[in-house]
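Working through the structure, step by step
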Amino acid sequence: MEKIKARITVNKKFVRGEIDRRIYGSFVEHMGRVVYSGIYEPGHETADEDGFRQDVLEKVKQMGVTAVRYPGGNFVSCYDWRDGVGPAKERPRRLEIAWRAIETNEVGINEFMRWAEKAGIEPVFAVNLGTKGIENAVSLVEYCNIKEGTYYSDWRKEHGVENPYGIKTWCLGNEMDGDWQIGHKTAQEYGRLAQETAKAMKQVDNSIELVSCGSSKSDMKTYPDWEAETLKYTYPYVDYVSLHQYYGGQELGTENFLSQSLDMEQYIKTVIGTCDYVKAWHRSDKTLYISFDEWGVWSVPDQVVAASVDESPWQVAPHLSEQIYTMEDSLLFAGMMMNFLKYADRIKIACQSLLTNISAAIMTERGGEVWVQPIYYPFMHMANYGVGKTLLGVDEIPCYDCDLSKDVPCVDYAAVYNEEGREVVLFAVNRTGKEAEVDLELQGFDAVCVKEHITMHCEDRKMTNLEDHHAVRPQQSDQSVLQDNKVTSILPSFSWNMVRIEIL
């Protein structure tokens, strides 16, 4: 079969942006088994003194997660943070309305922050602007960030936490544009509430950074008017606007399915343009950045599990939407994630959704083992080696047309220059059923050798790690050759690839 041939040229002087390490974030929500029997399971053979599963912590660290958004998600829009602090035996059991479950509040702010320290991640907190508002948000900042001498800071100390957490980044609500959200608001209603909440939160701690709610997905009827309207209120007081996006569509065929990362790229470009319009409207000299703080592939859930939850609501930590990912899913996942590298100049935070058990990279069995899904590996590779600066590439890549999009590049890629580590790294997805021969020309670099070429590929694109937990995993490849400052790599059909090149 004839190979696809692609040429990419990168130049040391042509840089798109510095990569913020927080783009390698994830998301922990009180939903299903994300928290209970996900990161937290007292009595498990690996549980530490705080009840956290150390086998999961090890996978989180290997994955390279740098930041975690907490506690939601839809959950936060009906959550009072006060329910989750103080003696655990005195905490109330609540009806959790968003996911129709029972929330025991066994894990709350202080437990999560202990886990965050163990995991070595930066917390990104969300406040409730659904059923709550300014007072609830302000009191939480006081509890977390003020040293002592006030009601809530002293309350924290009574709970055994002497020093303030100094939490830096705060989301002003969650998906408030969605009619599924408890306390859903119009753009004007949200804009005014978020504006006043932001002003008050920064009165308590003017060092914090704030995230204004953007659109929940690219096909919302209110997008991008939502951003244009809400940012007119919040722009002077916030540092980021959030975006969320999930894609399904596996039944449409692989080439259609994988093309959806182009929709995501257009979504990003449109919101950047809208932010810059509002910047001009405000006559501001401040550039607003993007926090893509919820994203992932939405695969088909186990229908039996989904049905049992619907028939039996108000369970504690029910099995809910525990999606099993395929090799094919991991390729769209990788394409979505590479967009954060491509737009590193404007995207500074991103949180893969979710960390454990629901649309997750890491899966656990209650009382049993931990294993990883195929999406785990592209995340791990980019988080550990996508460090430094994104390079602007000039390319000649064949394209294909499909029902969802025209001119889809057969090879999707991002190139990174890690000056400290003395390497250039090419991340690439072959979106087609043919082998691809990719020439990467390195201008302004003195290439020494190909350090490694890792590829992930299965003949069966629907292969999962459910039965054999190692069925889909990366392998070392010898199909990259350096000659005259040009690396030629052979990418298998429908594959994920990372090529690391040592430079002087």
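See the structure above.
Residues numbered from 1 in each chain as written. Predicted model: local features only at pLDDT ≥ 70, side-chain atom pairs only at ≥ 80, totals over all residues. Heavy atoms only, no water.

1. Brief notes about the sheet that holds strand E19 (residues 423-430)
In space, the 10 strands of this open sheet follow the order E22-E21-E25-E19-E18-E15-E1-E20-E24-E23, with mixed pairing throughout. Looking at the sheet topology across the chains shown, the edges are occupied by strand E22 (475-477) and strand E23 (480-483). Adjacent strand axes in the sheet meet at a mean angle of 25° when their direction is disregarded. Two strands pair when backbone bridges link them, and strand E21 (residues 447-456) and strand E25 (residues 495-503) are joined in this way by eight bridges, in the antiparallel orientation. Counterpart to Thr-455 in the pairing with E25 is Asn-497. (Pairing = 2+ DSSP bridges. Helix = DSSP H or I, 4+ residues; strand = E, 2+ residues; numbered from the N terminus. Axes fitted to C-alpha atoms, helices over the stretch in contact; angles between N-to-C directions.)

2. Details of helix H11 (residues 376-385)
Along H11, eight of the 10 residues are buried, which leaves the element largely enclosed by surrounding structure. Inspection of H11 places Tyr-376, Tyr-377, Pro-378, Phe-379, Met-380, His-381, Met-382 and Ala-383 among the buried residues, and these make up the whole buried set. (Buried < 20%, exposed > 50% of the residue type's maximum accessible area, 1.4 Å probe, protein only.)

3. Details of the pairing of strand E9 (residues 240-247)
Judged by how many residues are buried, E9 sits mostly within the fold: seven of eight residues are covered. As paired elements, strand E8 (residues 209-212) and E9 share two bridges and run parallel to each other. Following the sheet pairing, Val-211 is matched in E9 by Tyr-240. Summarising the sheet, E9 and strand E10 (residues 289-297) pair through seven bridges and their orientation is parallel. For Tyr-240, the partnering residue across the bridge sits in E10 and is Tyr-289.

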